[in-house]
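# Observations on the three-dimensional arrangement
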Amino acid sequence: VEATLLLLGIYEDTGSLIYATTTPRDLRTAAWLLERGANLQVVHRFLHHSLTAAQLELYDQLVERSQIHEVAGHSIVVASAVAPEYSDEISTLAHKLRDVYDPSALFLLVDLGDRVQMVARGASDAIDVGSVALQMGGGGHARAAAAVIRGRSLPEIPAHLLHLLRARVPP
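Quick summary incoming for the structure in this document. (Residues numbered from 1 in each chain as written. Predicted model: local features only at pLDDT ≥ 70, side-chain atom pairs only at ≥ 80, totals over all residues. Heavy atoms only, no water.)

## Some details on the overall build of the protein chain
- A tally of helices and strands in the protein chain yields seven helices and six strands.
- Beginning at the N terminus, the succession of helices and strands in the protein chain can be written as α-α-α-α-β-β-α-β-β-α-β-β-α.
- Compactness check: the protein chain gives a C-alpha radius of gyration of 17 Å against a globular reference of 16 Å for 171 residues, within 12% of the reference.
- Its C-alpha atoms give the protein chain principal-axis dimensions of about 50 × 40 × 25 Å.
- Look at the contacts in the protein chain between residues 6 or more apart in sequence, and 58% of them connect residues 24 or more apart.
- Per element, the accessible surface of the protein chain, about 9,300 Å² overall, is 53% carbon and sulfur. (Helix = DSSP H or I, 4+ residues; strand = E, 2+ residues; numbered from the N terminus. Rg over C-alpha atoms; globule rule 2.2 N^0.38 Å. Contact = heavy atoms within 4.5 Å. Areas by Shrake-Rupley, 256 points an atom, 1.4 Å probe, with all protein chains shown as cover.)

Printed below as a string of structure tokens:
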């Protein structure tokens, strides 16, 4: 069980071992866990599941309200939605939108009523989404980050986000 859980974490963080940031250490560790009984079928079941009706509705809204920006020669997608009753996780949608747009960075902004949830994913070494999330009150690492934003309305956040990116992203 422990080996499967650890393998699940590695697969999630490395896009099932295909992200550019995947290291030889990730592969060796995955092999070591498999040798100790990690169950790939369980990993697959947890990583590849259908979207719920609420996730599909939010996904459609995010696609409809996606904006593509060029910042220092990098394609950045900022997608926003309003979903005050939403309770499912949002990061799965970030992965799906990243697959559709293939941007250097992706930022999802979801107004949940009392707060705005930001989920960020990066695909370029030039854009550290973790440092951007830190400036927005959250955290993470260079390729995946999140923030809970309070005290700002959804319409004003994209401009602030783009201002931060223009100040931090090298050409």
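## A closer look at the nonpolar core
- Membership of the largest hydrophobic core comes to 24 residues, with the highest contact counts inside it found for I76, F107, M118 and L165.
- Contributing elements (two or more residues each) for this core: β2 (74-82), β3 (105-111), β4 (116-122), α6 (129-135), β6 (144-149) and α7 (157-168).
- Residue contributions to this core peak at five residues, all from α7.
- Listed in part, the 18 residues of the second largest apolar core include Y59, L62, A83 and L93. (Core = buried A, V, L, I, M, F, W, Y, C linked by side-chain atoms within 4.5 Å. Buried < 20%, exposed > 50% of the residue type's maximum accessible area, 1.4 Å probe, protein only.)

## Observations regarding the environment of R168
- Mapped onto the fold, R168 is located in helix α7.
- On the basis of relative accessible area, R168 is assigned to the partly exposed category, the value being 35%.
- The sequence separation of R168 and S131 amounts to 37 residues, and the corresponding C-alpha distance is 9.0 Å.
- Apart from the residues lying within four places of it in its own chain, the contact partners of R168 are S131, V132 and Q135.

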